[in-house]
Number of protein chains: 2
Amino acid sequence: MLNFEFYAPARILFGKGTEAQIGELLKPHASKVLLHYGGGSIKKSGLYDTVTASLQKSGVAFAELGGVRPNPRLALVKEGIALCKKENVDLILAVGGGSAIDSAKAIAMGVCYGGDVWDVYDQNIEIEKALPVAVILTIPAAGSESSGDTVITNEEKQLKYGYGSPRLRPLLSIINPELFFTLPKEQLANGVADMMSHVFERYFTNTTHTDLTDGLCEATLKTLMKNAPLACRNMRDYDAWSELGFGGTVAHNGLVGMGREQDWACHNMEHELSAIYDVAHGAGLAVLTPGWMRYVYKDNVNMFVQFAVNVMGVEGGYRDPDAVILEGIDRLQAFFGKLGLTSTLSGLGIGEDRLEEMAKKATGAAFDDEQPLGGLKKLYWRDVLEIYKMVK
Amino acid sequence: MLNFEFYAPARILFGKGTEAQIGELLKPHASKVLLHYGGGSIKKSGLYDTVTASLQKSGVAFAELGGVRPNPRLALVKEGIALCKKENVDLILAVGGGSAIDSAKAIAMGVCYGGDVWDVYDQNIEIEKALPVAVILTIPAAGSESSGDTVITNEEKQLKYGYGSPRLRPLLSIINPELFFTLPKEQLANGVADMMSHVFERYFTNTTHTDLTDGLCEATLKTLMKNAPLACRNMRDYDAWSELGFGGTVAHNGLVGMGREQDWACHNMEHELSAIYDVAHGAGLAVLTPGWMRYVYKDNVNMFVQFAVNVMGVEGGYRDPDAVILEGIDRLQAFFGKLGLTSTLSGLGIGEDRLEEMAKKATGAAFDDEQPLGGLKKLYWRDVLEIYKMVK
């Protein structure tokens, strides 16, 4: 186990009806909030009315900015920053999934940062301050409701960069699984692939003596894999959505990765797909992850056997480790397939013409600053290109 | 899954050498701290020198109060409160195990509370303020380094009461497994029994649809049971102590019990033993837990079969559930035995003469205010007496 620091101060309120408490919960922390959300779905579902009524009842004023899209855009962030300054907003309330939350975090730090907020992402600048962010989660996936991470797309430059700071951990997050009932099945599938990837990025490691976090990772993965098909079958299955909603938070609040060298190659490779082709993040991860596994597993056979046996339920024993591992990866791919996720880039509508460009951008080779991706195996641009080609 | 609120803001710094950072870490939060500890062990080990040197180097002034004993006493808490007021202390730094931390929390709220701090425990008064508490952990057991709980013994009244508030969650806790190398084996055993009990109290529940937390509980229990014998064999096994140190925190920071009705009968029954006979808390729990399991399991056979199979590795299949469960409980008792823990009250030096008195105090029947203990099965004073007798 490596030395680590764990800090996950977000207060999580979980369960039926919790969103109606939002005004009362925010009152001690804010006089005016920015209500930040995506398209019209929260208006159609009635959530917008519940939230605004609760704020009004508690005497919390609000400005609002909708229009967050998947792979949230820098342009809207800048609009939000200007609006918050003009309206003297002192807290950002994101009502939505990872995109709305990540956009809210960008606004929250942009209001306090002197320069161009994109520089924070581009140059990984340590921020000193951010407005507090609160969340009402409508899509369990990104884990942004408890993490200090944000990912923003610079649409002009076709770049999608992540940034993290403990100052961006939400103040509080409300998770009511009932709010997930009306999601399209596609978003369920994408979300589960994203949550599982958050665990994978931490689970696959060369660090040894990691019994506790191994077990926590495996328990989280098995919970997600058991409950995703149940929610898929009945989109109003509160119990299944509860496991997914809570699982998504545990997958990404940091705990299951403590004391381990982490990987994050798949996330970085996926960001290139989303930046150029605007594909759903989870869908991209479901394509890349099995390919990545097949490309890297020989670098740590023990870890991948453990995965196949403990998570995917493959029979281990005295069998050939390669066979055990490949069966595990096949089962994972089949699981994604049953959720309706494609296993190829072409299935995402991505051709072969820009693979090399993406591989070079992912590793920085495009900017003459190549930094290999990954922890379990270091991946240079030629490796990344190889993986893209494996799943084309 | 039940609605829940999860809030565990303690910043955990884990690993080798972390205690030397204490001055730098506390400087932004305190100008004068109370260094609160137990007997002379931290002076003998050199930890006292490391800590005071770090505080001095960072310009953090300190007063000090040693002498905390296991089952920490109200009298010392009152002394600490007076000292903090006199010395204008603004943060309590506990260097020790659960007793030092619990005592520090009592002082931290006592300084801010107008009346007698015992009333807070006795009448479960909601506190509005407490000084911040920081921790350097020297015994992994109580989980108090991340919880908002404190247990204090009123030696005059022979009462041991617990109290919890989110305001008592430590600001930060330092866990360096190297500091555990010099513990007596007995404290390792007691500590592991206490950590496991923290999971059991949450794990055994009648709440259904608890896949994620079931898995997290089981992973934590298995980690503790795998690593306790390793550390017992070689008390300088850093890796094993790391799993126990991190496991003890995860066992009691609240996460593994979220959304579940919890039990806590064993803890309440044990507090009576400690209050009168001053036995080690973990040792008392190791006696009571198997007895409690045998007394209550018929109320939720499925849960106990799951425990026997998933945690204790008993073969399930088509066997008689009672046999499976009893084999699981026997294995648990054997595990405690191998750590050197007794399985009887007489082994703790407790006779039969005050069992009824303790059963009545545990349930409040002694004060004409009987409230049954437990969640999985409600236990009245006659039930508690029965359990005490089963393990006499």
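The model shown is predicted, which means the values in this text are computed figures rather than measured ones.

Draft legend 1. Representation of the overall build of chain A. Scanning chain A from terminus to terminus reveals 15 helices and eight strands. At 20 Å, chain A has a C-alpha radius of gyration in line with the 21 Å of a compact globule built from 392 residues. Projected onto the principal axes, the alpha-carbon positions of chain A cover approximately 65 × 50 × 40 Å. Across the 392 residues in chain A, those meeting the buried criterion constitute 56%.

Draft legend 2. Representation of the sheet that holds strand β2 (residues 32-37) of chain A. With mixed pairing, 12 strands are arranged side by side in an open sheet as β3(A)-β2(A)-β4(A)-β5(A)-β8(A)-β1(A)-β1(B)-β8(B)-β5(B)-β4(B)-β2(B)-β3(B). The sheet terminates laterally at β3 (61-65) of chain A together with β3 (61-65) of chain B, the two strands that pair on one side only. This sheet shows a mean twist of 25° between the axes of neighbouring strands, independent of strand direction. Looking at chain direction, strand β2 (residues 32-37) of chain B and β3 of chain B are connected through five bridges and run parallel. Looking at the pairing, H36 of chain B lines up with L65 of chain B of β3 of chain B.

Draft legend 3. Structural view of the environment of G282 of chain B. Inspection of the secondary structure puts G282 of chain B in helix α11 (residues 281-296). The spatial distance from the C-alpha of G282 of chain B to the C-alpha of G191 of chain B is 5.9 Å, given a sequence separation of 91 residues.

Draft legend 4. Examining the relation of the copies chain A and chain B more closely. Rotating chain A by 180° about the axis while translating it 0.0 Å along that axis superimposes it on chain B, leaving an RMSD of 0.0 Å. Within this description, the copies of the chain are treated as partners about a two-fold rotation axis. If distances are taken from each C-alpha of chain A to the rotation axis, the shortest is found for P9 of chain A, at 1.9 Å. Both copies contact each other with a shared surface, as 100% of the interface residues of chain A are interface residues in chain B too.

Draft legend 5. Spatial organisation of the interface of chain A and chain B. If you look at the interface, chain A gives 35 residues, while chain B gives 35 residues. Broken down by secondary-structure element, the contributors of at least two residues to the side of chain A that touches chain B are β1 (4-14), α8 (211-233) and α9 (238-252) of chain A. Top element by residues in the side of chain A that touches chain B is α8 of chain A. It accounts for 11 residues. Across the side of chain A that touches chain B, the residue classes break down as 15 nonpolar, 11 polar and nine charged.

Draft legend 6. Geometry of the domain arrangement of chain A. Residues and elements named next belong to chain A. Structurally, chain A comprises domain 1 (11-179) and domain 2 (185-390). Computed from C-alpha atoms alone, the centre-to-centre distance between domain 1 and domain 2 is 26 Å. When contributions to the side of domain 1 that touches domain 2 are tallied by element, the ones reaching two or more residues are β1 and β7 (159-164).

Draft legend 7. Quick look at the nonpolar core. One finds I92 of chain A together with I92 of chain B to be the most contacted residues of the largest nonpolar core, which totals 268 residues. Residues within four places of I92 of chain A in sequence aside, it is in contact with V33, L34, H36, A104, I107, A108, L131 and V133 of chain A.

Draft legend 8. Here's a closer look at helix α9 (residues 238-252) of chain B. Taking 1.5 Å per residue, 15 residues should reach 21 Å; α9 of chain B reaches 21 Å between its end C-alpha atoms and fits that length. The element α9 of chain B is largely enclosed, with a buried count of 13 among its 15 residues.

Draft legend 9. Structural view of the packing of helix α4 (residues 74-87) of chain B against helix α5 (residues 98-112) of chain B. Residue and element names in this part refer to chain B. Remark: α4 packs on α5, axes separated minimally by 9 Å, with the N-to-C direction vectors making an angle of 50°. Considered as vectors, α4 and α5 are oriented oblique to each other. For the pair α4 and α5, the sense of crossing is right-handed. Between α4 and α5, the residues in contact are L76, V77, G80, I81, C84 and K85 and S103, A106, I107, G110 and V111, respectively.

Draft legend 10. Quick peek at the pairing of strand β5 (residues 133-137) of chain A. Residue and element names in this part refer to chain A. The element β5 is largely enclosed, with a buried count of five among its five residues. Covered by surrounding structure in β5 are V133, V135 and L137 together with A134 and I136, the residues of both alternating faces. Across five bridges, the pairing between strand β4 (residues 91-96) and β5 is parallel. From the neighbouring strand, G96 faces β5, where its bridge partner is L137. Bridge count for β5 against strand β8 (residues 172-175) is four bridges, and the pairing is parallel. Counterpart to L137 in the pairing with β8 is I175.

Draft legend 11. Just helix α10 (residues 265-277) of chain B, in detail. Residue and element names in this part refer to chain B. Taking 1.5 Å per residue, 13 residues should reach 18 Å; α10 reaches 19 Å between its end C-alpha atoms and fits that length. The buried count for α10 comes to 10 of 13 residues, which makes it a mostly enclosed element. The inward-facing, buried residues of α10 contact β6 (149-154), β7 (159-164), α7 (185-203), α11, α14 (355-363) and α15 (381-390). Looking one or two residues beyond α10, the residue adopting positive phi is D278, at roughly 55°.

Rules used in this analysis
- Residues numbered from 1 in each chain as written.
- Chains lettered and ligands numbered in written order.
- Predicted model: local features only at pLDDT ≥ 70, side-chain atom pairs only at ≥ 80, totals over all residues.
- Helix = DSSP H or I, 4+ residues; strand = E, 2+ residues; numbered from the N terminus.
- Rg over C-alpha atoms; globule rule 2.2 N^0.38 Å.
- Buried ≥ 20, exposed ≤ 12 C-beta atoms within 10 Å, placed from the backbone.
- Pairing = 2+ DSSP bridges.
- Axes fitted to C-alpha atoms, helices over the stretch in contact; angles between N-to-C directions.
- Least-squares fit on C-alpha atoms with pLDDT ≥ 70 in both.
- Contact = placed C-beta atoms within 7 Å.
- Nonpolar A, V, L, I, M, F, W, Y, C, P; charged D, E, K, R; others polar.
- Domains from an automatic or database assignment.
- Core = buried A, V, L, I, M, F, W, Y, C linked by C-beta atoms within 7 Å.
- Expected span 1.5 Å × (residues − 1).
- Parallel < 35°, antiparallel > 145°, perpendicular 65-115°, else oblique.
- Left-handed = near helix turned anticlockwise from the far one by under 90°.

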